[in-house]
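# Fold and contact review
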Amino acid sequence: MEINYNGFKLSVKDVLNFVSKEEILSVQSEIQNAEELLKNKSGKGSDYLGWLELPSNISDDEIKNIEKSAKALANISDIIVVIGIGGSYLGARAVIDALSNNFKSLQRKKLRYPLVLYAGENIGEDYLYNLLEILDKKDYSLIVISKSGTTTEPAIAFRILKNHLEKKYGKKQTRKRIVAITDNSKGALKKLADTEKYKSFVIPDDVGGRYSVLTPVGLLPIASSGFNINELLSGAKEMSEFLNTETSLEKNPANLYAAVRNILHRKGKAIEILVSYTPSMNIFIEWWKQLYGESEGKEGKGIFPAGVNFTTDLHSMGQWIQEGTRNIFETVVWIENAKRNLTVPEDKQNLDELNYLAGKNLNEINEKAMLGTAMAHVDGGVPNILISISELNEYYLGMLIYFFEKACGVSGYMLGVNPFNQPGVEMYKKNMFKLLGKK
């Protein structure tokens, strides 16, 4: 079974040794029910379904406002620090890392757009100290993202960095260097932004953090890095319209993906490994892990989301995947066309015995590694799902983001959980606050 649409492809042919086509088609009624719950907003967590229409509902005026603010920050900054945790930074970082030069931070020539760094995603003292050492010597600005303004990790980082900004530039100039993305009407960050007159954008009430990359939460940092948010939204809109025209498992890739992963789960495949053969997709995998882990892992249920980057991790995790406990399946995200062309040269001595590869470009070799690995893993008892996009750009990333979001909503309802809450996240906070003496 394979679905192709405008440079996006989903293939489950390497699952059919483990799950028959008839088994897949037999869950069509479950898929239909999940689709109805989303469409009619009648399922668990229906207050957080604003992401469904985001690509179409965001206005031209808001996009222009985001682009204007991004340009203003870029004009005064060598570095922009994005302060946030979880969905408040992972989506933006996933897109920025995927589209950036892998060694951007080491380039000697002056960058056309600011370097984006991150804070508030950890409480590492040395990490933040080292960041301050860099910021001492650079012009920088902050994008702080928090609905409440009181989430511990970003709140600590913001307090320290705001204090550093005010000492470096004074309060008046600092106001130009902070943009807050927060609640529309309440919360500590909203109150501070209003008091200090920071430029601010709204996190929609009906969009949870892990689904927020196509709101200002993701769009402002992405635009500040010089990437085309119109193209990102265009790809997401194209995918949303495609997925909403047909619910059939043979025509709708999000529904087919949700169906296959749930059937595999019911057959004992408790772990899904997302695989990329492109190093710049590493943070995209982290975004996917949060999306699916936080959406499905509750009530003693859920497929555990893991991630690897091949071929690198074939030399560390490859043995376990090939011959370890048979409770896993893989989903490969493949980029068909590389941005650059690099070929293996001929060598007269051929001491490394690589002349059989001379003249071949690395993407072709990488593809054969991907195909060979899939064959080996399927033979070893690991079902493989293949998702491919034509190239790594804003448009196709937009398609991929919306595809995974929609499939996650459908899959969560198939599992019988609320895909849009995260009650378990609060438990560590209560213990931490108690240990720190918060009253």
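Residues numbered from 1 in each chain as written. Predicted model: local features only at pLDDT ≥ 70, side-chain atom pairs only at ≥ 80, totals over all residues. Heavy atoms only, no water.

This part is about the side chain of S100. On the secondary structure map, S100 appears in the loop between α5 (90-99) and β4 (115-119). At 2.6 Å, the side chain of S100 forms a polar contact with the backbone oxygen of I96. (Helix = DSSP H or I, 4+ residues; strand = E, 2+ residues; numbered from the N terminus. Polar contact = N/O pair within 3.5 Å; in protein donor to acceptor, adjacent residues only side chain to side chain.)

W51 and F404 are the most contacted members of the largest nonpolar core, which totals 97 residues. When residues of this core are assigned to their parent elements, the largest contribution, 14 residues, is made by helix α15 (residues 394-415). The residues contacting F404, other than those within four sequence positions of it, are Y257, L274, F284, W287, W288, L291, Y292, V333 and I387. Ranked by size, the runner-up nonpolar core spans 22 residues in total, among them I83, L128, L131 and F158. (Core = buried A, V, L, I, M, F, W, Y, C linked by side-chain atoms within 4.5 Å. Buried < 20%, exposed > 50% of the residue type's maximum accessible area, 1.4 Å probe, protein only. Contact = heavy atoms within 4.5 Å.)

On to the packing of aromatic side chains. Geometry of an aromatic ring pair is reported as the spacing of the ring centres plus the angle between the planes. Following the criterion strictly, the structure yields 20 aromatic pairs and no others. Their ring planes at 55 degrees and their centres at 6.2 Å tell us that W51 and Y402 sit as a pair that is tilted. Highlighted residues: W51 in the loop between α2 (28-39) and α3 (54-57) and Y402 in helix α15, separated in sequence by 351 residues. Each member of the pair, W51 as well as Y402, carries the same accessibility label: buried. Measuring from centroid to centroid gives 5.8 Å for Y89 and Y118, while their planes differ by 55 degrees, and the two rings are tilted. (Phe/Tyr/Trp six-rings, centres within 6.5 Å; stacked < 30°, edge-to-face > 60°.)

Here we take up the packing of helix α11 (residues 253-266) against α15. α15 packs onto α11 with a crossing angle of 40 degrees between their chain directions and a minimal axis gap of 8 Å. When the axes of α11 and α15 are compared, the pair comes out oblique. Here the hand of the crossing between α11 and α15 comes out right-handed. Across from P253, A254, N255, Y257, A258, A259, R261, N262, H265 and R266 in α11, the residues of α15 making contact are F403, F404, K406, A407, V410, S411, M414 and L415. When grouped by side-chain class, the residues that make up the contact of α11 with α15 number 11 nonpolar, four polar and three charged. (Axes fitted to C-alpha atoms, helices over the stretch in contact; angles between N-to-C directions. Parallel < 35°, antiparallel > 145°, perpendicular 65-115°, else oblique. Left-handed = near helix turned anticlockwise from the far one by under 90°. Nonpolar A, V, L, I, M, F, W, Y, C, P; charged D, E, K, R; others polar.)

Overall, the coordinates contain 17 salt bridges when judged by the stated rule. Put simply, R93 and D97 hold a salt bridge, and the shortest N to O gap is 3.8 Å. With R93 and D97 both in helix α5 and four residues apart, the pair spans about one turn of that helix. Judged by its relative accessible area of 22%, R93 falls in the partly exposed class. Residues joined in a network through salt bridges with shared partners are K171, R175 and E196. (Salt bridge = Lys/Arg side-chain N within 4 Å of Asp/Glu carboxyl O.)

Attention shifts here to the sheet that holds β4. Within a sheet, neighbouring strands are paired by backbone hydrogen bonds and run either parallel or antiparallel to one another. Strand order in the open sheet formed by five strands is β4-β3-β5-β6-β7, and the pairing between neighbours is parallel. The outermost strands of the open sheet, each flanked by one partner alone, are β4 and β7 (199-202). The mean angle between the axes of side-by-side strands here comes to 20 degrees, regardless of whether they run parallel or antiparallel. Relative to β4, helix α6 (residues 125-135) is tilted by about 150 degrees, and along the sheet it contacts β3 (79-83), β4 and β5 (140-145). Running over the sheet, helix α9 (residues 216-224) touches β3, β4, β5, β6 (178-182) and β7 and is turned about 165 degrees from β5. (Pairing = 2+ DSSP bridges.)

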